[in-house]
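The lines below spell out each chain.
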Amino acid sequence: MQKESVSFTSLRSLRWLPVVIMSWLIAGAGCGAAPETASAPAPNDSIVVSTSVATSMIGRPPSSHTPDMLTKPTGKLSAVLTQLAQPLIATQSAEQQDQALGMQATGPGSLMRNDKGQVLVVVHVSEVSDATLAALRNAGATVVNTAETYRSVTVYISPDHLNGLAAVPGVENIHEEVRSS
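Residues numbered from 1 in each chain as written. Predicted model: local features only at pLDDT ≥ 70, side-chain atom pairs only at ≥ 80, totals over all residues. Heavy atoms only, no water.

Asker: How should the pattern of salt bridges be read in this particular structure?
Answerer: When the charged atoms of two side chains with opposite charge come close together, those side chains can pair. Under the defined criterion, the tally for this structure stands at two salt bridges. Arg113 is paired through a salt bridge with Asp98; the nearest N and O atoms lie 3.0 Å apart. Here Asp98 lies in helix α7 (residues 94–101) and Arg113 lies in the loop between α7 and β1 (119–125), a separation of 15 residues in the sequence. Of the charged contacts in the structure, one is a salt bridge between Arg151 and Glu172, with a shortest N-O distance of 2.8 Å. On the criterion of sequence distance, the pair formed by Arg151 in the loop between β2 (142–147) and β3 (152–157) and Glu172 in strand β4 (residues 171–176) is long-range, its members being 21 residues apart. Judged by its relative accessible area of 36%, Glu172 falls in the partly exposed class. (Salt bridge = Lys/Arg side-chain N within 4 Å of Asp/Glu carboxyl O. Helix = DSSP H or I, 4+ residues; strand = E, 2+ residues; numbered from the N terminus. Buried < 20%, exposed > 50% of the residue type's maximum accessible area, 1.4 Å probe, protein only.)

Asker: Quick question: what am I supposed to make of the sheet that holds β2 here?
Answerer: Backbone-to-backbone hydrogen bonds pair the strands of a sheet. The strands run either parallel or antiparallel. With antiparallel pairing, the four strands of this open sheet are ordered in space as β2-β3-β1-β4. Only two strands of the sheet have a single partner each, and these edge strands are β2 and β4. For this sheet the average axis-to-axis angle between neighbouring strands, irrespective of direction, equals 25 degrees. Against the sheet, helix α8 (residues 130–138) touches β1, β2, β3 and β4, its axis set at about 150 degrees to β2. (Pairing = 2+ DSSP bridges. Axes fitted to C-alpha atoms, helices over the stretch in contact; angles between N-to-C directions. Contact = heavy atoms within 4.5 Å.)

Now the structure itself:
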């Protein structure tokens with residue numbers, strides 16, 4: 001009885017097997033059937049996976065707002081608040097907002113909200129003064145805390161008032177508060 005030897009070269013060529021199998025699975029998921037034939041990619045070939053396939057592979061369902069989430073923030077609002085302030089998102093329920101933002105509704109990393117659905121944000125200002133606090137309140141904010149040393153004011157505000165809050169003179173930037181546990 002003869003033993004068949006396996007060379008290092010043939011083992012090395014098997015390293016592409018998972019790539020080929022994954023390609024078949026991705027192609028099959030996209031068109032409903034697995035391809036009849038496929039060849040292993042050359043060692044220097046790169047593999048491109050679509051955004052929707054990649055996001056579904058990491059366990060986050062694709063959202064109709066996914067492309068918008070890739071835009072860089074402009075102005076004074078954080079990236080999350082920039083998205084939350086968009087009229088189509090700001091006018092939705094808190095649950096729908098969280099889903100559109102790709103955030104958890106509760107638990108660590110979720111937005112902190114009051115019983116009115118307002119979000120807790122930190123407003124960094126050029127100075128904490130009575131005039132600044134009055135302007136924040138006039139923009140629809142409910143002041144929760146001030147920290148003069150850090151030139152910050154913590155407020156609750158409705159998502160549809162975020163752009164107005166950012167327009168208040170003296171506001172430098174605004175970011176969301178999230179739950180730590």
